[in-house]
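The primary structure of each chain is shown beneath.
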Amino acid sequence: MIALVDCNNFYVSCERVFAPKLRNRPVVVLSNNDGCVIARSEEAKALGIKMGTPYFQIDEFAETEKIAVFSSNYTLYGDMSSRVMELLTYFAPETEIYSIDEAFLNLDDDRDIGKLSESGHLIKEKLKKWTGIPVSIGIGPNKTLAKIANRRAKKANLGVFEMTHEAIQCEVLDQTPIGDVWGIGYNSAKKLNALGIKTALQLKQMDRRWARKLLSVVGARIVEELNGKACLPLELVPPPKKSITCSRSFGILTGDFEHLKEALDNYLVKCGEKMRRQKLTARAVTVFLTTNRFSKHPQYSNSLTIELANATNSTRELRDWTRKALVQIYKKDFLYKKVGVILQGLQPEQRETFRLYNQANYEKDKRLMQSLDKISQRFGRNAIAFGVRKSEKAWQMRAERKSNCYTTCLKEVLQIK
DNA sequence: TCTGGGGTCCTAGGACCC
DNA sequence: TCTGGGGTCCTAGGACCC
């Protein structure tokens, strides 16, 4: 049996832990650049605010309804997430961290099969007590059914919902619209609806070969899982990353090459740190840039991938390539909204081979990176930087309503006056 | 004024090989 | 009229997830 533990309105819940006044009040958290609504408290949902709504469309409404609005604070959410995840392994050693706010737990240990719900309630209660984060738990014979059980737990406000018996499974599946099944997105739902398949129960009863033809093996697996078979194993060890991306929309539109270069350098630094933390090297790097797709100004977007002769995780080395790429795809007379960098062809550092040329230089670079990483880790990312970085970052994204990093920065811990 | 960011997997089709 | 059979690798695009 599998349990899916999912934090309720996670980002909102994180904000509430440190601002108890927000309980029972409508709260929303915005995406980067204060763009769209990406988390809503129950009260905010009740006011009709939809997921993904651009904030500028509801800012006045938010004010009249006294909705608390936050910029996203990923430092806080990431730290709260690791606390929750670590505690989960205490209840079930075999867990898969599926996303920032979800984990699958293997309940097939010495637990009494008749007491799974009880077990779920205990986890829920302890997590709330230890982290302040409310969770919902769905239990089922595989991931897909655990997901559906979780949705029921949330929707019916049960906290924990168990779907171990087939009769209950069928009853719930009958009430589950097709689009709410994990893996059935907008397009597949449309296809299925057109064929008269509207509920998860109907999908469960669908002919396997037909499902395979219509929705490829992904769909075929979903049908199997709805029938109780487990096709998707728990991933206890996270598989190594295949690519690492960093990109941001700017707070302003800009045609200034220097802005783009500065932003790109910054994003590359983040990518580089992430790559080295995972002990990886890159064999290719892509730079992309794009104008604002919503504006009436002329549109342009382009990208360029450079294959490297030698795998590297030196930010200095990569930066030479990303800058060259940017020069090639940059066109003046456009107003840009976003640039980004993608590291690809990632492979473990141990697989690096000696270089025919300049091995000594590369090793110097490696030592430099190690020192930089240590300094950044200890004194913050802004303590040291490549080249000259203007303190005034004209392109920096908006984040006008960000809360403190209560759990990761001493200067920002909660003060009780 | 204003519309996020970071990923993975699958398939079809082309290119190429013997 | 008529054009095999079996295979690999790569890529673009689509779909999906949070």
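See the structure shown above.
The following refers to the structure shown.

About the thresholds
Residues numbered from 1 in each chain as written. Chains lettered and ligands numbered in written order. Predicted model: local features only at pLDDT ≥ 70, side-chain atom pairs only at ≥ 80, totals over all residues. Heavy atoms only, no water. Helix = DSSP H or I, 4+ residues; strand = E, 2+ residues; numbered from the N terminus. Rg over C-alpha atoms; globule rule 2.2 N^0.38 Å. Buried < 20%, exposed > 50% of the residue type's maximum accessible area, 1.4 Å probe, protein only. Contact = heavy atoms within 4.5 Å. Areas by Shrake-Rupley, 256 points an atom, 1.4 Å probe, with all protein chains shown as cover. Salt bridge = Lys/Arg side-chain N within 4 Å of Asp/Glu carboxyl O. Pairing = 2+ DSSP bridges. Axes fitted to C-alpha atoms, helices over the stretch in contact; angles between N-to-C directions. Near = heavy atom within 4 Å. Polar contact = N/O pair within 3.5 Å; in protein donor to acceptor, adjacent residues only side chain to side chain. Nonpolar A, V, L, I, M, F, W, Y, C, P; charged D, E, K, R; others polar. Patch = residues over 30% accessible without salt bridge, like charges linked within 9 Å, V, L, I, M, F, W, Y side chains within 5 Å. Phe/Tyr/Trp six-rings, centres within 6.5 Å; stacked < 30°, edge-to-face > 60°. Lys NZ or Arg CZ within 6 Å of the ring centre and 35° of its normal. Expected span 1.5 Å × (residues − 1).

## Here we look at the overall build of chain A
The helix and strand inventory of chain A stands at 13 helices and 13 strands. The globule rule puts the C-alpha radius of gyration for 417 residues at 22 Å, and the 24 Å found for chain A is close to it. With respect to the principal axes defined by its C-alpha atoms, chain A has extents near 65 × 55 × 45 Å. Every one of the 417 residues in chain A was classed for burial, and the buried ones make up 46%. Counting only contacts in chain A whose residues sit at least 6 apart along the sequence, the fraction spanning at least 24 positions is 66%. Of the accessible surface of chain A, which amounts to about 23000 Å², a share of 52% is contributed by carbon and sulfur atoms.

## Overview of the pattern of salt bridges
Within this structure, the stated rule accounts for 18 salt bridges. With a shortest N-O distance of 2.7 Å, Glu96 and Lys143 are connected by a salt bridge. Here Glu96 is found in strand 5 (residues 95–99), whereas its partner Lys143 is found in helix 6 (residues 143–155), with 47 residues between them in sequence. Take Glu96 and Lys143: they sit in the same class, and that class is buried. Between Arg209 and Asp207 there is a salt bridge, and its shortest N-O distance comes to 3.4 Å. Exposure remark for Arg209: the relative accessible area of 67% places this residue in the exposed category. By relative accessible area, which is 36% here, Asp207 ends up partly exposed.

## Focus on the sheet that holds strand 4 (residues 68–70)
Strands sit in the order 3-2-4 across an open sheet of three strands; the sheet is mixed. Each edge of the sheet is formed by a strand with only one pairing partner; in this case those strands are strand 3 (37–40) and strand 4. For this sheet, the mean inter-axis angle between neighbouring strands, taken without regard to orientation, is 25°. As paired strands, strand 2 (residues 27–30) and strand 3 are joined by three bridges and run antiparallel to one another. Across the sheet, Val29 pairs through a bridge with Ala39, a residue of strand 3. Across the sheet, helix 1 (residues 10–17) is in contact with strand 2, strand 3 and strand 4; its angle to strand 2 comes to roughly 115°.

## Here we look at the protein's contact with DNA strand C
Neighbouring residues of DNA strand C: 13 residues in total, closest Glu102, Lys147, Gly183, Gly185 and Ser188. Ser99 places a polar side-chain atom, nitrogen or oxygen, 3.3 Å from a sugar or linking oxygen of DNA strand C. A distance of 3.1 Å separates a phosphate oxygen of DNA strand C from a polar atom in the backbone of Asn187. Those elements giving two or more residues to the surface near DNA strand C turn out to be strand 5 and helix 8 (186–194). Sort the elements by how many residues they give to the surface near DNA strand C and helix 8 lands first, with three residues. Of the residues contributing to the surface near DNA strand C, the split by class is five nonpolar, five polar and three charged.

## Structural notes on a nonpolar patch on the surface
On the surface, a cluster of nonpolar side chains totalling about 260 Å² of accessible area is made up of Ile375, Phe379 and Ile384. With respect to the helices and strands, the residue Ile384 is situated in the segment after helix 13 (359–379).

## Notes on the packing of aromatic side chains
Here the structure, examined in full by the defined rule, presents 18 aromatic pairs. Between Phe104 and Trp182 the ring centres are 5.7 Å apart and the planes differ by 45°, which places this aromatic pair in the tilted class. Separated by 78 residues along the polypeptide, Phe104 in strand 6 (residues 102–106) and Trp182 in the loop between helix 7 (166–174) and helix 8 bring together distant segments of the chain. According to the relative accessible area criterion, Phe104 is buried, its value standing at 0%. One aromatic cluster in this structure is built from Phe257, Tyr300, Tyr330, Phe334 and Tyr336. Of note, Lys143 hangs over the ring of Phe104, and the distance from its end group to the ring centre comes to 5.0 Å. The ring centre of Tyr362 lies 3.7 Å from the NZ or CZ of Arg355, which sits over that ring.

## Things to note about the protein's contact with DNA strand B
Neighbouring DNA strand B are 27 residues, the closest being Lys242, Thr245, Arg248, Ser249 and Lys337. Counting only atoms of DNA strand B within 4 Å of the protein, the fraction found in sugar and phosphate groups is 76%. Between Ser31 and DNA strand B, the recorded distance is 2.9 Å, taken from a side-chain N or O atom to a sugar or linking oxygen. Separating a phosphate oxygen of DNA strand B from a backbone N or O atom of Thr245 is a distance of 2.5 Å. Elements with a minimum of two residues in the surface near DNA strand B: helix 10 (208–226), strand 9 (244–254) and strand 12 (336–344). Considering every element that reaches the surface near DNA strand B, the biggest residue donor is strand 9, with six residues. In the surface near DNA strand B, the residues fall into eight nonpolar, nine polar and 10 charged.

## Some words on unusual backbone geometry
Its identity is not glycine, yet Asn24 carries a phi of approximately 70°, on the positive side. By the element assignment, Asn24 lies in the loop between helix 1 and strand 2. By relative accessible area, which is 67% here, Asn24 ends up exposed. A positive phi is found at Asp34, a non-glycine position, where the angle reads about 50°. On the secondary structure map, Asp34 appears in the loop between strand 2 and strand 3.

## Comments concerning helix 6
Owing to its 3.6 residues per turn, the α-helix aligns residues three or four sequence positions apart on the same side. Between its terminal C-alpha atoms helix 6 stretches 18 Å, which fits the 18 Å expected from 13 residues at 1.5 Å a residue. Taken across its 13 residues, helix 6 has 10 buried, putting it largely inside the fold. Residues of helix 6 that are buried: Lys143, Thr144, Leu145, Ala146, Lys147, Ile148, Ala149, Asn150, Arg151 and Ala153. The backbone nitrogen of Thr144 lies 3.2 Å from a side-chain oxygen of the residue at the head of helix 6, namely Asn142. One or two steps after helix 6, the chain reaches Asn157, where phi turns positive at roughly 55°.

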